[in-house]
Amino acid sequence: MSSQKRTFLVLLGVPGAGKGTQAKLLEESLRLPQISTGDIFRYNLKNQTELGLLAKSYMDRGDLVPDEVTIRMVQDRLEKPDAANGAILDGFPRNLIQAQAFGEMTASDGGVRLAPLINLSDEEAMRRITGRRVCRTCGAVYHIDFNPPKKEGVCDIDGGELYQRDDDKTDTVRNRLYVYYKQTSPLIGYYFAKGVLAELDGAQPIDVVQAQLKQLLEQKL
Ligand code: ADP
Ligand code: AMP
Ligand code: ZN
C-alpha cells in the first residue's frame, strides 16, 4: 500500500434514496470504486456461495446480515487493488458497530473523509424502491417511471435483462425502512459529530443531485 492517504466516502440515506445511482456516477470522476455490500451479497447469492446462502434469509426479511460476516467481507474487498486509493461506500456501514469497525479499518487514512446524506421522504422512497429495476448482467439500476431504459425490460448498456429484486416487492420494503430508522439512522449523528456529514436534497433529479454532490466534494476533498 502507498503512503498516500486513501479517500473514503460513505453515502447515507434511506433505502431507495439514490445511493447506488449516485455512487455509480461518481466512480469515474473520482476514480474510486463503488463498494455496495448489497451488490456483493446479491452477487454471492447468484453464484450460490456459502456467503450468499447465509445472507439470503436476512435479505429476504430485510434484516441486516450479521456484522461479523459483513465487516469481514468489506475488509476483504478493501484489499483488492482497485481500492488502493479509497472507495465510495454504498450500503455500508449500516449500524454503529459497522461504523466503528470501518473507522478502525480506515484510521490510518484519517477515517471517513465525507458522509453525504441523501435526504428523501418515506413515501418517495417507497415509490423509488417498488419501481426499481436492475440489470442481471451489469447491475445497472433503472426506474420504470423516473429513469426508464430506452427499451422496456432491457439494459441500455449491454442489452441484459432487467429484473425486480425480490426484496423490492413485498412487505420486506417496509421492514427495510424500519431497520434503517432503528439501526442505520444513528450514523447521521455519528458522522455529524466527526464533522464529515453533508446533507443533500435527494428529491431532485438524478443529474442535479450528482452536480451538487460533485460541488460538495470539490469543497471538502
Ligand atoms: P439506493 O441505493 O439508495 O437504495 P438506488 O440508487 O438504487 O437507491 O435508487 C432507487 C431507485 O430510484 C432506482 O430505481 C433509481 O433509478 C431511482 N432513482 C435514483 N435517484 C433518483 C432521483 N434523483 N430521482 C428519481 N429516481 C431516482
Ligand atoms: P441494499 O442493496 O443496500 O438495499 O441491501 C440489500 C440487503 O442486503 C439489506 O436489506 C441487508 O439484508 C443486506 N445488507 C446490505 N448491506 C448490509 C450491511 N452493511 N450490513 C448488513 N446487511 C446488509
Ligand atoms: Zn446491463
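Residues numbered from 1 in each chain as written. Chains lettered and ligands numbered in written order. Predicted model: local features only at pLDDT ≥ 70, side-chain atom pairs only at ≥ 80, totals over all residues. Heavy atoms only, no water.

Student: Mind showing me how you'd approach the coordination of the zinc ion (ligand 3) here?
Tutor: Under perfect tetrahedral coordination by four donors, a metal shows angles of 109.5 degrees; under perfect octahedral coordination by six donors, it shows angles of 90 or 180 degrees. Looking at the metal site, the zinc ion (ligand 3) is ligated by Cys135 (SG), Cys138 (SG), Cys155 (SG), Asp158 (OD) and Asp158 (OD), spaced 2.3 to 2.7 Å from it. Sequence spacing of the donor residues for the zinc ion (ligand 3), all on one chain, is C-x2-C-x16-C-x2-D. Of this pair, cysteine 135 sits in strand β5 (residues 132-135) while cysteine 155 sits in the loop between β6 (141-143) and β7 (162-163), placing them 20 residues apart in sequence. Cysteine 155 shares its class with cysteine 135; the two are buried. (Donors = N, O, S within 2.8 Å, 3.2 Å for Na, K, Ca; no water. Helix = DSSP H or I, 4+ residues; strand = E, 2+ residues; numbered from the N terminus. Buried < 20%, exposed > 50% of the residue type's maximum accessible area, 1.4 Å probe, protein only.)

Student: Any chance you could explain the site of ligand 2 here in plain terms?
Tutor: Taken together, 17 residues are adjacent to ligand 2, and Thr37, Arg42, Asp63, Gly91 and Gln98 come closest. Compared with its free state, where it exposes 480 Å², ligand 2 has 96% of that area covered by protein. Here the residues of the shell around ligand 2 sort into six nonpolar, five polar and six charged. (Near = heavy atom within 4 Å. Areas by Shrake-Rupley, 256 points an atom, 1.4 Å probe, with all protein chains shown as cover. Nonpolar A, V, L, I, M, F, W, Y, C, P; charged D, E, K, R; others polar.)

Student: Mind showing me how you'd approach the packing of aromatic side chains here?
Tutor: Any pair of aromatic rings gets described here by the distance separating the centres and the angle formed by the planes. Across all of its chains, the model carries four aromatic pairs by this definition. Ring geometry for tyrosine 180 versus tyrosine 181: centroids 5.2 Å apart, planes at 85°, classification edge-to-face. Judged by relative accessible area, which is 7%, tyrosine 180 ranks as buried. Considering the side-chain rings of tyrosine 190 and tyrosine 191, the 5.0 Å spacing of their centres and the 85° angle between planes classify their relative orientation as edge-to-face. (Phe/Tyr/Trp six-rings, centres within 6.5 Å; stacked < 30°, edge-to-face > 60°.)

Student: How should the site of ligand 1 be read in this particular structure?
Tutor: Around ligand 1 sit 19 residues, and of these Lys19, Thr21, Arg132, Tyr142 and Gln204 come closest. Between ligand 1 and threonine 21, the relevant distance is 2.6 Å, taken from an oxygen atom to a side-chain nitrogen or oxygen of the residue. Interatomic distance of 2.7 Å between a backbone N/O atom of tyrosine 142 and an oxygen atom of ligand 1. Relative to its unbound accessible surface of 560 Å², ligand 1 loses 93% to contact with the protein. Elements supplying a minimum of two residues to the shell around ligand 1: α1 (19-30) and β6. Partitioning the shell around ligand 1 into residue classes produces eight nonpolar, eight polar and three charged. (Polar contact = N/O pair within 3.5 Å; in protein donor to acceptor, adjacent residues only side chain to side chain.)

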